[in-house]
Structures are given as structure tokens and as C-alpha cells.
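# Fold and contact review
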Amino acid sequence: LASIAAWNDDAHAAANRALYRAKFDAVLPILRPVLDVERPPAGFYLWPDVRGDDEAWTRDLYATRNVTVLPGTYLARDGVAGNPGRGRVRISLVAPVAECVTAAERIRDFVRSR
């Protein structure tokens, strides 16, 4: 019975979609001037090309701006064409909107300083 009630409740999913729309609406204008980022068709990640070593970029961002992202290299395997995540980072928008905005501003400033 609990499962039936949960599957019939779409209000939480609608609220979550609205929250992620708000996060993307707040963060994308901050990051677009410095990174090639677009709103994904689904999900809550941004996958910008950092034009180089994604691991070093991630370490430097954390060391200088105290923001954590994940190197794309860590999320895929090397194949015939190489690693599709190489040179990209995953930016997750799971924190509250204000924290996402602060992180985006720090990322923007980090990219501008390079």
C-alpha cells in the first residue's frame, strides 16, 4: 500500500523539476561567459570542456576556490576513441540554489584567472 501511494504522488517530482530549473536558471548565466555549458535535456549535471587536463583543473579549482567537481576521466573508461570524459568535468547542481550560485561564481572567477 505504501508503494502504491508513493507511485501515485507526482507532486514531489514536479517540485524537484522546478527546483532544478531554478538552479540551472541561476547558474548558467554565470558560467556561460567562461565555459561552454548548456542546460542538459535531463539530469542535474553540467559537463563543460575545460580544454585540458581535467584532473589538474579539478585539483586547482579546489585548491584555489574550495569548490569540488569531478574529473570526467573518472567517469568513463578508455576505449578505442579514448576516454570520452577526458578534458571535461562534472558539475553537480544538488546543493541548494544559493550554494550553487556561490560555487558558479567561484568557478567563473577561477576560469577567468587562468
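Summarised in this report is the structure supplied together with it. (Residues numbered from 1 in each chain as written. Predicted model: local features only at pLDDT ≥ 70, side-chain atom pairs only at ≥ 80, totals over all residues. Heavy atoms only, no water.)

## A look at the side chain of Lys23
Rule in force here: Note on conventions: DSSP H or I runs of at least 4 residues are helices, E runs of at least 2 residues are strands, and numbering of each starts at the N terminus. Note on exposure labels: buried denotes an accessible area under 20% of the residue type's maximum, exposed denotes more than 50%, and partly exposed covers the range between, all computed with a 1.4 Å probe on protein chains only. Charged-residue counts in this description rest on Lys and Arg as positive and Asp and Glu as negative, His and the chain ends being excluded. For this document, the term salt bridge refers to a Lys or Arg side-chain nitrogen within 4 Å of an Asp or Glu carboxyl oxygen. Contacts are assigned to residue pairs that have any heavy atoms within 4.5 Å of one another.
Structurally, Lys23 can be placed in helix α2 (residues 11-31). Despite being buried, Lys23 has no salt bridge partner; Glu99 is the closest side chain of opposite charge, sitting 8.8 Å away. Contacts of Lys23, omitting those with residues within four sequence positions, involve Leu93, Val94, Ala95, Pro96, Val97 and Cys100.

## Structural notes on the packing of helix α3 (residues 54-65) against helix α4 (residues 97-113)
As a reminder of what qualifies: As a rule, the C-alpha atoms of each element are fitted with a line to give its axis, helices using only the stretch in contact, and angles between N-to-C directions run from 0 to 180 degrees. We call two directions roughly parallel when the angle between them is under 35 degrees, roughly antiparallel when it is over 145, roughly perpendicular when it lies between 65 and 115, and oblique otherwise. Two helices that cross are described as forming a left-handed crossing if the nearer one is turned anticlockwise from the farther one by less than a right angle, and a right-handed crossing if clockwise.
At their nearest, the axes of α3 and α4 sit 10 Å apart, and the two run at 110° to each other. Judged on the interaxial angle alone, α4 and α3 are roughly perpendicular. The way α3 lies across α4 gives a crossing that is right-handed. The residues of α4 that touch α3, namely those facing Trp57, Asp60, Leu61, Thr64 and Arg65, are Arg106, Ile107, Asp109, Phe110, Val111 and Ser113.

## Thoughts on the pattern of salt bridges
Using the criterion set out here, one finds 6 salt bridges in the structure. The closest approach of N and O atoms between Asp49 and Arg51, which form a salt bridge, is 3.1 Å. Judged by relative accessible area, which is 25%, Asp49 ranks as partly exposed. In this structure Arg51 comes out as exposed when scored by relative accessible area, which is 65%. Here Arg86 makes a salt bridge to Asp78, at a shortest N to O gap of 3.0 Å.

## Description of α4
The criterion, for reference: In this analysis, the expected span of each helix is defined as 1.5 Å times one less than the number of residues it contains. By arc we mean the arc of the directions from the helix axis to the C-beta atoms, nothing more.
Taking 1.5 Å as the rise per residue, α4 with 17 residues should run 24 Å; its terminal C-alpha atoms sit 24 Å apart, in good agreement. Along α4, the residues that are buried comprise Cys100, Ala104, Ile107, Arg108, Phe110 and Val111. Seen end-on, α4 carries its buried residues on one side only, within an arc spanning 160°. With respect to the buried face of α4, the exposed residues turned more than 90 degrees away are Ala98 and Arg112.

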